[in-house]
Amino acid sequence: MRTARPLAVSLLALALACALPATAQDAATPQRPEVVAAGKAVQQQVVDWRRHFHQYPELSNREEQTAKRVAEELRKLGLQPRTGIAHHGVTAVIKGGRPGPRIALRADMDALPVTERNSLPFASKATATYRGETVGVMHACGHDAHTGILLGVAKALVAMKDTLPGEVLLVFQPSEEGAPAGEEGGASLMLKEGLFKDFKPDAMFGLHVFSSIPVGQIGVRQGPLMAASDSFNLKVVGRQTHGSRPWGGVDPIVAMADVIGTTQTIVSRRTDISRQPAVVSFGAIKGGIRYNIIPDDVEVVGTIRTFDEGMRQKIFADLKNVASHVSAAHGAKVEANVPDRDGNPATINDPALTARMTPSLQAVVGADNVITPPLQMGAEDFSFYALEVPSMFFFVGSTAKGTDPVTAPSNHSPEFMLDEASLDVGVRALLQVTLDYLETPKG
Ligand SMILES: [Zn+2]
Ligand SMILES: [Zn+2]
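Residues numbered from 1 in each chain as written. Chains lettered and ligands numbered in written order. Predicted model: local features only at pLDDT ≥ 70, side-chain atom pairs only at ≥ 80, totals over all residues. Heavy atoms only, no water.

### Quick look at the overall build of the protein
Helix and strand counts for the protein stand at eleven helices and 18 strands. Taken over the C-alpha trace, the protein has a radius of gyration of 24 Å; the compact-globule value for 443 residues is 22 Å, and the two agree within 12%. Taking all 443 residues of the protein together, 52% fall into the buried category. Residue pairs at least 24 apart in sequence account for 82% of intrachain contacts in the protein once pairs closer than 6 positions are excluded. When the accessible surface of the protein is summed, it comes to about 20,300 Å², and 53% of that surface belongs to carbon and sulfur atoms. Here the protein holds 43 positive side-chain charges and 47 negative ones, and the gap between their average locations is 2 Å. (Helix = DSSP H or I, 4+ residues; strand = E, 2+ residues; numbered from the N terminus. Rg over C-alpha atoms; globule rule 2.2 N^0.38 Å. Buried < 20%, exposed > 50% of the residue type's maximum accessible area, 1.4 Å probe, protein only. Contact = heavy atoms within 4.5 Å. Areas by Shrake-Rupley, 256 points an atom, 1.4 Å probe, with all protein chains shown as cover. Lys, Arg positive; Asp, Glu negative; His and termini not counted. Charge placed at Lys NZ, Arg CZ, Asp CG, Glu CD.)

### Observations concerning the confidence of the model for the protein
When the pLDDT values of the protein are averaged, the result is 93; 93% of them are 70 or greater. For residues 1-27, every residue scores under 50 in pLDDT, and the model assigns this stretch 18 contacts once sequence neighbours within four places are set aside. (pLDDT = per-residue confidence, 0-100.)

### Structural notes on the coordination of the zinc ion (ligand 1)
Coordination of the zinc ion (ligand 1) by the protein is provided by C141 (SG), E177 (OE), E177 (OE) and H412 (NE2), with metal-donor distances spanning 2.0 to 2.8 Å. Relative to the metal, the four donor atoms surrounding the zinc ion (ligand 1) lie at angles of 51 to 151 degrees, and the coordination shape comes out irregular. Coordination of the zinc ion (ligand 1) draws on donor residues from a single chain, spaced C-x35-E-x234-H in sequence. Between the two metals, the zinc ion (ligand 1) and the zinc ion (ligand 2), the spacing is 3.1 Å, and C141 donates to both. You can see C141 sitting in the loop between β5 (133-136) and α5 (143-159) and its partner E177 sitting in the loop between β6 (165-173) and α6 (186-192), a full 36 residues away along the chain. The class of C141 is buried, set by a relative accessible area of 8%. (Donors = N, O, S within 2.8 Å, 3.2 Å for Na, K, Ca; no water. Tetrahedral: all angles 85-135°; square planar, octahedral: opposite > 155°, others 65-115°.)

### What to know about the coordination of the zinc ion (ligand 2)
The protein atoms that coordinate the zinc ion (ligand 2) are C141 (SG), H143 (NE2) and H208 (NE2), at distances of 2.1 to 2.4 Å. For the zinc ion (ligand 2), all donor residues lie on one chain, and their spacing in sequence is C-x1-H-x64-H.

### Things to note about the sheet that holds strand β15 (residues 333-337)
Across the sheet, which stays open at both edges, the four strands sit in the order β12-β14-β10-β15 with antiparallel pairing between neighbours. For this open sheet the edge positions go to β12 (279-287) and β15, each flanked by a neighbour on one side alone. Pairwise comparison of adjacent strand axes, ignoring direction, gives a mean angle of 20 degrees for this sheet. Here five bridges tie strand β10 (residues 228-237) to β15, and the two strands are oriented antiparallel to one another. Counterpart to V236 in the pairing with β15 is V334. Set on the sheet, helix α7 (residues 252-270) makes contact with β10, β12 and β14 (297-306); between it and β12 the angle comes to about 170 degrees. (Pairing = 2+ DSSP bridges. Axes fitted to C-alpha atoms, helices over the stretch in contact; angles between N-to-C directions.)

### Notes on the nonpolar core
Ranked by internal contacts, the top residues of the largest apolar core, which has 66 residues, are L74, L105, L170, F172, F205 and F394. The element contributing the most residues to this core is helix α11 (residues 421-439), with ten residues. With residues near it in sequence (within four places) discarded, L105 still touches L150, V153, L157, V168, L169, L170, V171, F205, L430 and T434. Residues L195, F196, F210 and F395 belong to the second largest nonpolar core, which totals 23 residues. (Core = buried A, V, L, I, M, F, W, Y, C linked by side-chain atoms within 4.5 Å.)

### Observations concerning the packing of aromatic side chains
All chains considered together, the criterion is met by seven aromatic pairs. Between F205 and Y437, the aromatic rings sit 5.9 Å apart at their centres with planes inclined by 70 degrees, giving edge-to-face as the arrangement. With F205 in strand β7 (residues 203-214) and Y437 in helix α11, this pair connects stretches of sequence that are 232 residues apart. Ring plane angle 35 degrees and centroid distance 4.9 Å describe the contact between F382 and F393, whose orientation is recorded as tilted. Highlighted residues: F382 in the loop between β17 (370-371) and α10 (383-388) and F393 in strand β18 (residues 391-399), separated in sequence by eleven residues. We classify F393 as buried; its relative accessible area is 0%. Aromatic ring contacts, followed pair by pair, group F196, F210, F382, Y385, F393 and F395 into a single cluster. When the ring centre of F199 is taken as origin, the NZ or CZ atom of R102, which lies over that ring, is 4.4 Å away. (Phe/Tyr/Trp six-rings, centres within 6.5 Å; stacked < 30°, edge-to-face > 60°. Lys NZ or Arg CZ within 6 Å of the ring centre and 35° of its normal.)

### Quick notes on the pairing of β5
Each regular strand displays side chains that alternate between the two surfaces of the sheet. Where strand β4 (residues 127-130) lies against β5, four bridges are found, and the strand directions are antiparallel. Directly across from T127, in β5, lies its bridge partner G136. Counting the residues that bridge the hairpin from β4 to β5 gives two residues, and of these R131 lies at a positive phi of roughly 50 degrees.

### Concerning the domain arrangement of the protein
Domain assignment breaks the protein into domain 1 (11-227 + 346-439) and domain 2 (229-337). The distance between the C-alpha centroids of domain 1 and domain 2 comes to 38 Å. In this assembly, domain 1 packs against domain 2 so that about 680 Å² is buried in total across both faces, 72% of it on carbon and sulfur atoms. The largest contributions to the domain 1 side of the interface with domain 2 come from A227, L375 and M377, which together make up 62% of the buried area. The interface formed by domain 1 and domain 2 contains zero salt bridges. Applying the counting rule to domain 1 against domain 2 returns one residue pair in polar contact (both at pLDDT 80 or more). (Domains from an automatic or database assignment. Buried area = accessible area lost by both parts, 1.4 Å probe. Salt bridge = Lys/Arg side-chain N within 4 Å of Asp/Glu carboxyl O. Polar contact = N/O pair within 3.5 Å; in protein donor to acceptor, adjacent residues only side chain to side chain.)

### Describing the environment of R245
In this fold, R245 is placed in the loop between β11 (241-242) and α7. Overall, R245 belongs to the partly exposed group, its relative accessible area being 42%. For the pair R245 and I293, spaced 48 residues apart in sequence, the C-alpha to C-alpha distance is 9.4 Å.

Right under this line is the structure:
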């Protein structure tokens, strides 16, 4: 549904629009010639980098060789990388020859415990130990592409740095997919270790290759883009008894069944879903061992997805309430850990920054090829940066022409396959955004 804007507001918007410089407003703004040239100049190298990272993927918080290679490449460009931030994070600053604003660009570097099923010459044959098991390792989320793209952008920016206004902080981040149990990692740890202490950017940008969008298109939206992701654990504690004599104990199975049932009313009856969607799902349930024993306890784990901090906190409180009161009605107790660890906040694009930079994305792929994707229930730890500085995160379509993006193997699939043309789109998009931001005075 669309609502008509009052005429006065439309005229005011039009007047403001005309007052802005062409690069920040005109959707038909051409791509910068230096972006076109730089894109061509680094294209093959970005493909080679990405293939290398694809062939040698490393799990979260284990990106030792990847970080080493990234730092080496940055040194080759004449930069002085800082290494070892949040375990294997690497950063470097490109100082322009002219004064200007400061921005940060982020790429994540970690891979997933997935055994690759693609037959590519550079397919991964890597294995590692994960949760005590030997697993295949694959760049199934495309972070190999992000690392290659950011190195390409770095190379292009270094080549033009004498005329570049401002400074660019390159952030090669480990552990986006989540640190192993008992470890910290990722964006939140980089911030904790002082990422922005000496370099507080005015804005930050990041991208993600995405199977649901065809190559040649970019997806971006103002405000919430990706969900907050939180996990929880509930344990209903009753009293064990013989299955033939339920009155001799307290049945945690029936109590947990009611907890699960009543939990369904949290989103459907108590959450204002006209504001933002929300999801509460159970992922595992465990209790009991034998047909005629009512066990002592039953445990469940699950996930909560939200886009609004108030709704997130309210669902935590509602779930704790349901768990404790429903359990009490059964004479059982409950141990409710909601959430049971620090989750990712929602990834929220700064509306003004996103409005300002969308024409830069349109310049690269054409106005019709910048789409507004639906809200994504998946999460991204880029969200932590966006809490600190105005930020914009966008999707770069990666599914080859001729393949249906709806049914294409998704990110995290062992058959996830990105069209390498998306690397070139990513480089040019990030470069155009960078130059437009740095060179356009704040209006
Ligand atoms: Zn992922
Ligand atoms: Zn990812």
